[in-house]
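Residues per chain, in single letters:
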Amino acid sequence: QVQLVESGGGLVQAGGSLRLSCAASGSIFSINAMGWYRQAPGKQRELVATITSGGTTNYAGSVKGRFTISRDNAKNTVYLQMNSLKPEDTAVYYCNANYLSSSLYLGSSWGQGTQVTVSS
């Protein structure tokens, strides 16, 4: 089993910045894609950004140019730098990792979520 622990959420004014972190731990052989998703009240969870182990990134159109995803493979950690935040970015942000466990089991884990609130 792989656990993901997120940190870095909070309250920020519009135009401000936040940096989210997500560290994976457990019986990990390797981690392929890692990503961030978000869910606003009354809405479905949506993709924000993903990054492969090789560093290939993908962004939702609504955050492209404002958010940057990165990862430290040695630390099994993924980051999300969020700049020029808007009130519509307010949501619970979830980390996801697709991995191969030490017992060669392919799995996917989610973090517990971290609240990001952007005030206008």
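Please refer to the structure placed before this passage.
Now for a description of the structure that goes with this document.

About the thresholds
Residues numbered from 1 in each chain as written. Predicted model: local features only at pLDDT ≥ 70, side-chain atom pairs only at ≥ 80, totals over all residues. Heavy atoms only, no water. Pairing = 2+ DSSP bridges. Helix = DSSP H or I, 4+ residues; strand = E, 2+ residues; numbered from the N terminus. Axes fitted to C-alpha atoms, helices over the stretch in contact; angles between N-to-C directions. Phe/Tyr/Trp six-rings, centres within 6.5 Å; stacked < 30°, edge-to-face > 60°. Lys NZ or Arg CZ within 6 Å of the ring centre and 35° of its normal.

### Concerning the sheet that holds strand β3 (residues 18–26)
Then step 1. Ordered by their spatial adjacency, four strands build an open sheet running β1-β3-β8-β7, and the pairing between neighbours is antiparallel. The two strands at the open ends of the sheet, each matched to only one other strand, are β1 (2–7) and β7 (67–72). The mean angle between the axes of side-by-side strands here comes to 15°, regardless of whether they run parallel or antiparallel.
Then step 2. Pairing between β7 and strand β8 (residues 77–82): six bridges, direction antiparallel. Each residue of the ladder has a partner; that of isoleucine 69, found in β8, is leucine 80.

### With respect to the packing of aromatic side chains
In this description, a pair of aromatic rings is defined by centroid distance and the angle of the planes.
Then step 1. Inspection of the entire model under this criterion finds one aromatic pair.
Then step 2. Plain terms: the ring middles of tyrosine 37 and tryptophan 110 are 5.0 Å apart, the flat faces sit at 65° to each other, and that makes the pair edge-to-face. Of this pair, tyrosine 37 sits in strand β4 (residues 28–39) while tryptophan 110 sits in strand β10 (residues 106–110), and the two are 73 residues apart along the sequence.
Then step 3. The positively charged end of arginine 45 is found above the aromatic ring belonging to tryptophan 110, 4.7 Å away from the centroid.

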